[in-house]
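For reference, the chains in residue letters:
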Amino acid sequence: RVPGHGSEEMVVAGGLRRLAAVQGRRAMSTMTIPGGRSSVSGITATVLGSTGMLGRYVVNKLGRVGSQVIVPYRGNDDDVRHLRLMGDLGMIVPMRFHARDMDSISRCVERSDVVINCIGKQELTMNFDFYGANVETAHNVARACKEAGVPRMIHVSALSADPGASSEWVRRKAEAEQAVLGLYPEATIVRPGVMFGEEDKFLNLIAKWYQIMGVCPLYGACQNEIRPVYVDDVAEAIRAIVFDPTLDGGVYDLEGPEGYALRDIVEWVRVATQREGLASIRTIAPDMTAFLPEGMEGYSPHVSGMDISDFFYRMWPQALPGAPSNLGVRGDANMLFGTEWVASGKNPGFDAFALKPTSMKSVAPEYLRHYVKGGQFANQDSHDGSGTLT
């Protein structure tokens, strides 16, 4: 048998040539040319979930300093065209992929120095439930990274990730962390709190309820604490990890500078959008836990109310017309109404990156102004009708 002509030898030789090519490309990518957007940072990164809220900020942070960014996408080509503007010509590379197709994932990560997984859908679809979108996908990405020999991986989880949480979405986030670390123990875990920003589904959703329905429905007392974090701050922390390998392998809890009860945030949005007297806050199901015997807390009206709401939203496709989604994850009201979004204090936060988190009240009014009835200048006095100009 002539060496190199048998099937086994050909497979091994092909694998070695492919590995050498990948390592050669990575070696070439270590060359850096300073100079901003048209520079070369020496980093090739794959950002999964790049069409989502956080992902597009991460792509912008990397592209603006000359990194080559691979942006996998599953839908239409138009879903990623806005990302091309975030880097110089040819530096933002869209690639088709599917979260259950290992070959397509491997093609997206095999040339990268770092892979950043921002995938984490907050609604059920015909193809992916909460397990599929958050656990199965994370597992497949970590497996592809390990098999391709990707040097570094960053996985975005959630601040409140807990395997014993009442929220299924929060439980799935904890399962995803374990799935990633089981395959890629050196992975870095980033746990952001409830994020706000111009594209958020948090403050915008509250304002939409006021604008469309004239009321914002709540379940229970809504006294759980939330420390909203600015999406740009989270993206900046991820950028810092990419360019500083000494930060690898840690778990980072990223929360905002101020804590609020959920009801206080809902009330603040009503004031910020000038809807006082025009819209109201309505408790759909009250929290009667304090009046129930021990062990019967699950019979409180707010628990039943959230269960009924979850059933309705899981059965009603988001694409169909109807009332806006409940606050938080569609089909999992406990994610926001029944969860404390506060760091445990066991892991480092923004201090590890020498970053000062941005206050919600300093940024959010800029994009919430679009929900002011009559427009942002609606309160300006009109002329007196006399026709006299001064």
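Residues numbered from 1 in each chain as written. Predicted model: local features only at pLDDT ≥ 70, side-chain atom pairs only at ≥ 80, totals over all residues. Heavy atoms only, no water.

Chemist: I keep staring at the pairing of strand β5 (residues 152–156) and nothing clicks. Help me out?
Modeler: Within β5, five of the five residues are buried, which leaves it mostly tucked inside the rest of the structure. Both faces of β5 are covered, namely the face carrying R152, I154 and V156 and the face carrying M153 and H155. Relative to β5, strand β4 (residues 114–117) runs parallel, the two sharing four bridges. Paired with N117 across the bridge in β5 is H155. Crossover handedness for the path β4 to helix α4 (residues 130–148) to β5: right-handed. (Buried < 20%, exposed > 50% of the residue type's maximum accessible area, 1.4 Å probe, protein only. Helix = DSSP H or I, 4+ residues; strand = E, 2+ residues; numbered from the N terminus. Pairing = 2+ DSSP bridges. Right-handed = clockwise from strand over helix to strand, strands pointing away.)

Chemist: Would you explain the sheet that holds strand β11 (residues 251–254) in this entry?
Modeler: The strands that make up a sheet pair up through hydrogen bonds in the backbone, lying either parallel or antiparallel. Spatial strand order, β3-β2-β1-β4-β5-β6-β11: seven strands in an open sheet with parallel pairing. Among the strands making up the open sheet, the edge pair consists of β3 (92–96) and β11. With strand direction ignored, the average angle separating the axes of adjacent strands in the sheet is 20 degrees. Sheet topology places β5 next to strand β6 (residues 188–192); three bridges connect them, and they run parallel. In the sheet register, I154 faces β6, and the bridge partner there is T188. (Axes fitted to C-alpha atoms, helices over the stretch in contact; angles between N-to-C directions.)

Chemist: How should the environment of G345 be read in this particular structure?
Modeler: With respect to the helices and strands, G345 occurs in the loop between α10 (334–337) and α11 (360–368). The exposure class of G345 is exposed, given its relative accessible area of 64%. For the pair G345 and D253, spaced 92 residues apart in sequence, the C-alpha to C-alpha distance is 8.2 Å.

Chemist: What should I look at first to understand the side chain of H302 in this one?
Modeler: Secondary-structure assignment places H302 in helix α9 (residues 301–315). With residues up to four places along the chain from it excluded, the contact list for H302 reads Y219, G220, A285, P286, D287 and T289. (Contact = heavy atoms within 4.5 Å.)

Chemist: Can you help me understand the pattern of salt bridges in this one?
Modeler: Proximity of charged atoms lets side chains of opposite charge pair with each other. The full count for this structure, using the stated rule, is 18 salt bridges. For the salt bridge of R81 with D78, the shortest nitrogen-to-oxygen distance reads 3.9 Å. Among the ionic pairs, R143 bridges to E147, the shortest N-O distance being 3.1 Å. Taken together, the residues R143 and E147, both in helix α4 and four residues apart, mark about one turn of the helix. Beyond isolated ion pairs, a larger network of salt bridges with shared partners links K61, D232, E236 and R239. (Salt bridge = Lys/Arg side-chain N within 4 Å of Asp/Glu carboxyl O.)

Chemist: Can you help me understand the packing of helix α3 (residues 102–109) against α4 in this one?
Modeler: Think of two packed helices as two axes; the pair is described by the angle between the axes and how far apart they sit. With their axes 9 Å apart at the nearest point, α3 and α4 run at an angle of 60 degrees to one another. It follows from the interaxial angle that α3 and α4 lie oblique. Taken as a pair, α3 and α4 cross one another with a handedness that is right-handed. In this structure, α3 uses M102, I105, S106 and V109 to contact α4, whose residues at the interface are N140, V141, R143, A144, C145 and A148. (Parallel < 35°, antiparallel > 145°, perpendicular 65-115°, else oblique. Left-handed = near helix turned anticlockwise from the far one by under 90°.)

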